[in-house]
Structures are given as C-alpha cells and as structure tokens.
Amino acid sequence: MKKTVLFGTLTIAGLTAAAASAATLDDVKARGHLNCGVTTGLTGFAAPDANGVWEGFDVDVCRAVAAAIFGDKNAVEFVPTTGETRFTALSSGEIDLLARNTTWTFSRDTELKFDFVGVNYYDGQGFIVPKALGVTSAKDLDGATVCIQTGTTTELNLADYFRANNITYQPVPIQTNAEGQQQYLAGACDTYTTDASGLAATRATFENPEDHVLLPEIISKEPLGPLVRHGDNEWGDIAMWTLNALIAAEELGITSANIGEMSAAPTNNPEVNRLLGTEGELGAMIGLSNDWAKNAIMAGGNYGEIFERNIGENTPIGLARGLNAQWTDGGLLYSPPFR
Amino acid sequence: MSSMTDSPPRESFRLSQLIYDTRYRSLTIQVVTLLLVCAGVYWLINNLLVNLTAKDLEPSFSFLQSRAGYDIGTTLIPYTNADTHLRAAYVGILNTLLVAALGIVLATIIGVLAGVARLSKNWIVSRLMAVYVEGFRNVPLLLWILLIYAVFSESTPQPRDFRPGPDGTAASSMIWDSFAVTNRGFYMPAPVWGPSSEILGIVFLASILAAFLYRRYAKKLLYDTGRLLPMVWPIFAILIVPVVLAFFVMGRPVTLDYPVLKGFNFGGGIQISNPLMALWLALSLYTGAFITEIVRAGILSVSKGQSEAAAALGVRPNRAMSLVILPQAMRVIIPPLTSQYLNLTKNSSLAIAVGYPDVKATLGGITLNQTGRALECMLLMGLFYLALSLVISFVMNIINNSMKLQER
Amino acid sequence: MSDTHAQTVAFVREGMLDQQPPPTREAGTVKWVRENLFPTWLNAILTIVSLYVIWVVVSTFVMWAFSPTWNATSLSECRQMLEELGRSTETACWGVIRDRWEQLLFGFYPSDLYWRPTVALIVLLAGLGPVLFGTFPRWFMGFSLASPFLIFLLLWGGPIWLPLTVALGFGLGVVAFRVFSRVNQIVAVLVAIVIPLLYWLLLAWPLASELARVMPIGLEPVQSKQFGGFMLSIVIGVTAIVLSLPLGILLALGRASNLFIVTKLSVVFIEIIRGVPLIVWLFTASLLLNYFLPPGTNFDLTLRVIIMVTLFSAAYIAEVVRGGLSAVPKGQYEGANSLGLSYWQSMQLIVLPQALKISIPGIVNTFIGLFKDTTLVLFIGLLDPLGLINSIRASTDWNGIYWELYVFVALLFFVACFSMGRYSLHLEKKLQREHR
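Residues numbered from 1 in each chain as written. Chains lettered and ligands numbered in written order. Predicted model: local features only at pLDDT ≥ 70, side-chain atom pairs only at ≥ 80, totals over all residues.

## Remarks on the interface of chain C and chain A
Okay, step 1: The interface of chain C with chain A comprises 44 residues on the first partner and 48 residues on the second.
Okay, step 2: Listed by contribution, the elements that provide at least two residues to the side of chain C that touches chain A are helix H5 (95–106), helix H9 (185–214), helix H12 (278–288), helix H13 (301–327) and helix H16 (385–394) of chain C.
Okay, step 3: Among the elements that take part in the side of chain C that touches chain A, H9 of chain C stands out by supplying six residues, more than any other.
Okay, step 4: Grouping the constituent residues of the side of chain C that touches chain A by class yields 18 nonpolar, 20 polar and six charged. (Contact = placed C-beta atoms within 7 Å. Helix = DSSP H or I, 4+ residues; strand = E, 2+ residues; numbered from the N terminus. Nonpolar A, V, L, I, M, F, W, Y, C, P; charged D, E, K, R; others polar.)

## Structural notes on the interface of chain B and chain A
Often the size quoted for an interface is simply the accessible area lost on bringing the parts together.
Okay, step 1: Of the residues lining the interface, 27 residues belong to chain B; the matching set on chain A comes to 28 residues.
Okay, step 2: Listing elements by their share of the side of chain B that touches chain A, those giving two or more residues are helix H5 (141–155) and helix H11 (359–371) of chain B.
Okay, step 3: The dominant element in the side of chain B that touches chain A, judged by the number of residues it contributes, is H11 of chain B, at five residues.
Okay, step 4: Residue classes in the side of chain B that touches chain A are distributed as 10 nonpolar, 13 polar and four charged.

## Points about the sheet that holds strand S1 (residues 180–182) of chain B
Residues and elements named next belong to chain B.
Okay, step 1: Strand order in the open sheet formed by three strands is S1-S2-S7, and the pairing between neighbours is antiparallel. This sheet does not close on itself; its edge strands, each paired only once, are S1 and strand S7 (270–273). In this sheet, neighbouring strand axes are inclined to one another by 15° on average, regardless of whether the strands run parallel or antiparallel.
Okay, step 2: Along the sheet, helix H8 (residues 274–301) makes contact with strand S2 (185–188) and S7, crossing S7 at roughly 60°. (Pairing = 2+ DSSP bridges. Axes fitted to C-alpha atoms, helices over the stretch in contact; angles between N-to-C directions.)

## Quick look at unusual backbone geometry
Residue and element names in this part refer to chain A.
Okay, step 1: Unlike most non-glycine residues, Lys 113 shows phi in positive territory, near 65°.
Okay, step 2: Position of Lys 113 among the secondary structure elements: in the loop between helix H5 (106–110) and strand S6 (114–116).
Okay, step 3: For Lys 113, a count of 17 C-beta atoms within 10 Å gives the class partly exposed.
Okay, step 4: Of note in this structure, Asn 166 is not a glycine but carries a positive phi near 60°.
Okay, step 5: Take Asn 166: it is sitting in the loop between helix H6 (154–164) and strand S10 (169–174). (Buried ≥ 20, exposed ≤ 12 C-beta atoms within 10 Å, placed from the backbone.)

## Re the domain arrangement of chain A
Residue and element names in this part refer to chain A.
Okay, step 1: Under the domain assignment used here, chain A contains domain 1 (21–122 + 223–329) and domain 2 (125–220).
Okay, step 2: If you average the C-alpha positions of domain 1 and of domain 2, the two centres end up 30 Å apart.
Okay, step 3: The interface is formed by 14 residues belonging to domain 1 together with 11 residues belonging to domain 2.
Okay, step 4: Residue composition of the side of domain 1 that touches domain 2, grouped by class: six nonpolar, seven polar and one charged. (Domains from an automatic or database assignment.)

## Re the environment of Ala 374 of chain B
Okay, step 1: Relative to the elements of secondary structure, Ala 374 of chain B occurs in helix H12 (residues 374–403).
Okay, step 2: The class of Ala 374 of chain B is buried, set by 22 C-beta atoms lying within 10 Å.
Okay, step 3: For Ala 374 of chain B and Gly 364 of chain B, which are 10 residues apart along the polypeptide, the C-alpha to C-alpha distance reads 8.0 Å.
Okay, step 4: Setting aside anything within four residues of it in sequence, one finds Ala 374 of chain B in contact with Thr 88 of chain A, Leu 368 of chain B together with Leu 287 and Leu 288 of chain C.

As structure tokens, this is what we get:
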C-alpha cells in the first residue's frame, strides 16, 4: 500500500478512500467499514429512506458482509454508482464489493477482471405493455417503440431478440428506472423492457396496476449477483460464503427470530452448529471470527427474510420467489455445504 | 522587454545574468516553465502507462472495428446493430451535429425576437420576456431538458389516440392529414424525388441567381438614381414562380410521402423524434435566453443619436432597426454570440438525459460500457468536441471580421 | 401694448382658463394601457396572446399546485387523500417535500449535525463580505483569510489541528518571504514557495497527527461521501471557484504576457478545457483521473470531481480576468513601467487590483454557471439535488412521483442564481458609476 505523505494528510479528514491492494480484508478492517457499491436508486433493491439510511435487497447483502466482518451491520458505507461508473469504481478500489443487480456474464468475469461471488437474484428480461394495446406475446411487438435502460445488458439482449425473430423496433434509451416508468406511463413507448423483477416492482407502484400486463416471454438469463475484484480470492471467499450462509440459513431453518437460541448452545444438527460457530473453526478459515455467519444472518435475517422484507409478496413490489426459491422448493438456490 | 537604451557594457556572460539581467530573464522563465510543464506531462503519462500495464490494459482502438450489437433510435445514415462501433460513433457524431445546428438556428431566432420584444414598449410583452429570460437563465439546463421532455411526453397524444375508437372517432387527428404531433415525435410528409426532379433543382438554383442579380440591380439603381425598387415581393416571386411552373410543366416529379399510422407507430414521412424535439427546444430556449440579453445589450449599445438621425432622415422605425441599428449592434453582439454557440454545442452532450443518441450516448455511453475502453472513448470524444469548437470559433471569427467597422 | 391689441383683435381673453382634466383616454390607467398595451394592432395582438399564455400557465399551475397534501407520507396515501377530497389524482403531492426536504438540502449529512453546514454557509457569506462589498474594517480581512479553514473544519470535521497546521504553512511562507526579502527579492520568492511546500509534504501531517493524539480537540468527522443535495452543489461550486481563482489569474497573466512559450501554453490549456463539455471532464474525473496519478493513490470521487471542476473553471476565470486586464487603460501599465516597477510589482500593485475589480461581476456570473452545471455530477453517481430526486423516486413510498421534486429543486436553484445574478448586475452598475 503506497501512499504519499500528502495523500496521507488528506486521509485523516476522510477525504480519500483506501488504496486498492492485494489484501482487501486487511484494508477493510483497517478502515473500520466496508465500501459497498449500490445503484443510485432502484425500488426494492437499493434506495435511501428519509433519514438517508439505505435499504433494499442488495443493500442487505452489503450489510450481511459488513456484519460478518465487523459484527456490526452498520459498518458499511454505501457508494451510489451508475451503470457507467460501477465497474471503474470497483476496479479502482473505491468500493470493495459491488452489489448493484449486476448480471453475471462471461466478459465481465474475464475481460473486465471481476469475480462474481454468487447469485442473489435470478432474473430475466421481460416486457410490460398496457392491456389496452392487446399484445399477448413479445413477437407481436413488430414496429413498437421500446423504452430501455442504457448502460446495461438489456439493450444487447433486446437487439439480439428482435433480430432473431426478424422484427423491428424503435429504441428509446432512458437513464433511470424512474424515468422509464414515467415515459412508459405517458405512452411515449409501447412497452418498457428491463429485468422482470424491476417490471413487477414498477407495475406495483402504478395507480392502476391491473391495466398493465407482463408478457410471458423472458428473453434473457440475468443472474444478478455481487462481485469483487479478480485476484483477491480470500476477499472473494468472504463475500461468497456470506451469501451462501444466508441461503443455507434459510434451508436449515435459521431465522433472525430463533438464531439467538440456536447459537447459544450446540444443536442436534452439526451443519447448523458449524455454520453458527458452536462447532468447528469455520470462521478462522476465512480470517473472521467464529460467529461471522451468525452476525451476517442477524444483520437482516436469512435469505428468505431479506427477500420477503424488501421485495416479497407482502411488500408493494410483491415478487414471488419463483426461481429464487430453495432447491428443495423447486428453485435454484443451492448453497454448497458448510463443512 | 529590455528597457535599456544605451548599449550594455561588454562583459563576459555570467550565470547570474540569467536571473538578474532582464534580457535573459524572460528566456530563463520560459525555459523553466517549459521544463516544468514537460515534466508534469511526462509524470502524468508515465503514471498512465504504469497503471495501464499494472491493469494489463493495452491502449488500442481495434474495438472500433468490432460489432456494436446495439440499436440506435435516430440515425441519419443507415445503421443496424450488426455494424461496427466506429459506425455507431459516426451516427452519434452526425446526431450531435444535427442537434447543434438546429439548436443554433432556433436559438438565434428566439434570441433575436425575444431581444427585440424585451425592449418593446408593450409592457406585458417586455415583462413576459423578462420572466422568460430570468426563468431560463437561473435554472440548470439539465432540469429544463428533463422538464420539457416530460411535458412533451405527458401533454401530446399517443399514436394510438389517432386510431378511431369503437364510436368511430379518434381522440386525436392529424393536421391536414399530413402532420402528426405525438409523444413519440413529430411526423411530417417527406418529399419523394421522382425522375427528372433534378431539373427542379436546377431551376431553383437559377432563380436564386436571378434574385441575387435583381438585388444588385436594385441597389445600383438606388445609388445611381435614388429610385427605390420594391424588394420583398419581386424576390419572393423570382424564387417561387419558376419552380412552381417547372413543377407543373414537368408533370409533378416530386411527390410527398405522408406519414400513416401503421401498427404501433406512424410510418413513412419524416419523423423528428421526441427526445430530439425536447433536446432541441430546451437547448434553444435556454441558449435563446442568453442570446436575448446579448441582443438587448447590443441594441442598447447603439447610441440614441443613431435612431434619432434615422428618424430625422425620414426612415421608418422598422427600417431604421434593420438598416441602422442592427448592423451596428451586430458588432457588439457577435463575440458573445460565438461563445453562446459554443456553449450550445457543448451542452448538446446532455442528450443522455433524454436518450437522444448523440456522440456522448453512443461512443461515450453504450460503446464505452460494452467494451470498457474508457480511455480511448474519452480521448476520441474530447478530440471531436475540441475540433467542433475550433471550427465554430473559426467560422464566427470570419463573420466577425466581415462585420467589423470598415473605416473608409 | 395692450392697447394695440385691443384695437387690432376683436377678442382677447383677459384671465386664464381653469386647467381642465385631460381627456380620459389620455390620462391615468387608460392612457397607460393604451400606450403600453395597445399602441398598434400588432401590439394589441401580442398583448392578448401574452395575456392568454399567462392565464393558461398560471391557472394550470395553480390548479395543480393547490393541493392540501402536505402531511402525506407516501404517494398512495396522497392519492387516497385526493380521492377523498374528490380531486383529481393528477394534482401535486407535497408530502414528499415535507418528508425529504432536509435530504435535498443536506444529502446524507448526519441529521444532528445539520447546524455545521448551515454555520459554514454563514461563515462563507461573512468571509466573502470584504471581497464583495468592500467596506469592512481591516481586521475583518483576517477573518476572511481564516474562513476557508473554518469552513473545512465545519464541513468535514475531524481534529482542529489539520486545518491549523495547513494554515501554518501559509504563515511560514509569509514569514520566510519577509525575512529573505531583505537579502534578495528573487531568493525570497523561491524560499517562500519551497519552505511551505516542504513543510506540508514532510512536517504538517506528523505534526497534525501528533497534536491530535496529544490534544484530541475537534468535531465529529464526516466523510465527503455523505455530502449530497444542495450542500454538495455549493461545496463543489464554491471550492472550485475559490481554488481556481489563483490558477485562473496566473493563466490570464500568462495569456496576456509577451513571453512566447508561456502565452502559447496558456492558450492551449484554456482552449482545450473550454473546447470540451463539462460532462466529458466529469466522466474523465470519474473513470480516468486515477490512471493519471501514481499507482496506489485513490481519491474520493467528490474530491476528484472538485479537482476537475477547478481546472475547468480556471480556464473560464482566466478568460474573465483577461477581459479585466484588457479593460485596464494602457496608461496604467505605462505609468507602472515608468515608475520603474518590476513586472510582478506593477501587476500586484497597479494592474491586478483594477483588473480584478472589473472582473468581479464576470466571476460571479461564472460561478452562477458553474453552480448550475454541478447538476451534471448526477451522471457519475454523485447525489446532487437531481441525483437525489432519482433516489427518492426509487423508494417504495414515493415511486411514481415526478413534478413536485423537480419544481422544488428548480425553485431553489432559481432563488439562488437569481439573487446572485442581481447582485452581479448591481456590482456592474456600481463599477460603471465609479468609472465615470
């Protein structure tokens, strides 16, 4: 870690972020908090409340990682990033972890030199149309005006899909989801396309949600997950296993309600014991305290609880678990064993 | 630089002369500055190279040749998502030039009209113009772009409102069956150039020449004999009549392609997309507000004696404005006008706020995003804007020189 | 005389007639209306069109804005309130402003510390007093010089020793200059530059941290990540303008000097910066600036933006100051030369004081432009007022709200920029008077 004295001078005022170096965990611990990249605002996934406290599905992943390291879910600073700045922010070391509903793709993993640590939401690109339009399939959209969010994989998927089906469209690129929502409602585009979760969330906030339908086609795979810089595997492991701990906790029936009881003394299930640190030394293996997973789960509950609180069926967003159910319930969530 | 008048005594050169002797000092300062700047630039570039090697990124422009893979809404040249990034950048450049050119024209018109209206004796009109100027000048352009875009998409009808409903009447209808204002854009008929339509063009060019000659003749007559020939109507007639005659004689070679509602949208005709409209209008109104003040200051800078003298000679107020006051005001107006044109051109990069595909949105937006080549894209974009600014400054300098007071 | 008249003219009025009131169409409101609103047909049409426009705009706005929704806590609650009142749900929902106005002003600054940016703003205005109004006691200049450090301390917090030790560097420079100028002017200038630099690079930081360890006096530190909303716009705008002033003046002097290389270098710098849009520079700050710094250094994004905007405004300030320099009458330069003053002496004592005074309105206008342009930082993910609007619209409570927030932000910008614009106009008029 090389720093000139001048830059050191500025650090005391909190003006500089720590330098990117090989040992991210050491940097984070020295700094006392985690820098986590989130969106500048996406309903259900990340948005500040009136007191400036960030909340949302992605935000809770950040908090869980912070809690795993520090035992404090508030030891995290959120850095809002745009579609254009997010990767630079991560690779330059401005943030340690990017949880900004980012699609796991080959080139991002390899060419851009990042490591995706898992998937926290399985998504796919869909379309929303007004019922009055009488469209029942995306293939009927020949000649339609389509609103798309720029700076994402969405525009490439869309171009590929229409090309493959030999139909044309007119793209209207927009900057933010809120903008897309406004344009779509005003009728400036026939359909709005983005990740299906986003569409459902958007529809939920309409004045008359029942006037709009999601088309059945899902034209892409969008595994959204947190990512870290390539090359620091210890740090990647921490992020990956924190996410897995949240998923495993749901599978093992550990909730924020019963975790105190379950972690107080060893239970009959050895995996629960290993996860919660009442047996074995899993924490030490990734350079954390032994109750790391317990802290991570206590930060916002297990995966299911986080899901239900932010985007689940009881929230205005009202997403069903779908692909994001545990493998035991027919979903894709499948945490490797804690052993 | 040297303030010495008598020749300095011959002495052997000493190093301290580089600092104390005014003859050499300026040289020393320049050399030192140059060295410092060179060192600074070297430091920056060295850092850049070290950083790029560390990140394993070779600067390379080969990505421009690879497939772009995204679509662009407004294109002036044929483009599909199978074309290269270079062509996408080119589409963006043309779009930037388009909105900048349209904006400069409209902003000038708005600015001049509002500037004259601002000085109008009509109380309401001048107040209204003051409100316009202050309102636009004191709120960020980005806000205006967003607001105007939203007003456009909220207040204009959707294309499907043009389709007759169950009761046989449509909520909106086209103007004269040829123009349609929708919240996707403004549609108007496009000319279709049939065979032998180029003759029309030749006729039109010839009538422009004729109009020019007539003007010269009228001027000559005015200077020689003092007779004032009518100007507006004859020139108008010279320009229009032959073309119209030729049009019918040739058997209507030019037809119009009318926009028709097909499927989701209007097809055919010319479409000015909504983002372009909003951006164009916002840029023109914003810059127009600044031009208004420039025009006002320019007109006020012409001394009152000039308009009084014109009045004493019996020149009517409107003619005095165009013959006496505006030409003199132009000299004050043009230099600041140039910087407003430059501002407008640079501000057109805010197109990303409304999704108009200018060069910042294609080369500096999606291409940058998909390829991750930030350094190369930024460099190309910077060079393009720099070149554009230099060209505008150059053209305006020529105009400024031709407007200069010609002292006889 | 009167006799001749009596004989030649049949009738001569003896007394004065009483003054008659002017005809109704030539007096009072009617006359004013006739002359100002309907003097010609064209004007009459314009008046009527204008009145119609005003009516449409005002009535639409009032209908929309008059809506008793101040207490709503979410958009759906708003809609419910309006439905109960039988109003269209297309009317304004002001609850969002009540809920979020503090956020729009201060961003994520800790809410119990809101007094700090507020006091900082007052210190700023007070500190600018002598520069802008010019009629303050001399001791007040000391306060002005200290105010940047005070503002820094108030905004970012931390131990008070850092601003103090940095300020000490300037003091050292001045002392060094005084001491060495008895020996030699040029040496003094060099020493006055080198000593503070060495001090800042080598001594200031250990000194400050040592002092902070021994006497931990200070304010709770706040990270610049937590800055947002209008506060962020003002911090970026003011810091950039203040920091760019020295650089801009140097560039202007460089451009106006008759040293060939210096002139060309200044021109190249100014034209490159001015030829490229701010948004490109901001993306450069966000994506590329780190590449140009030694490996391993990593600035906070806010700081990178401030650096870039400073360079940007320096080019514009340079042009304003150049205008000021050329407005100083040539006799002043010649007078200074004839007194035998050196270049720096003549600039410092004669030319710059006059040129800068002339430039102040231009500088204020540049600041207004820059302040408005700070909204562009939303494109690189900083939460300025417009960026915060996006975030607020993404929260579940306020998803779908639009105009209220934009109108509020536009209004705040208008008030700030309009008053500054008026002030610069007032300065210009004052300058014109004084020059006569």
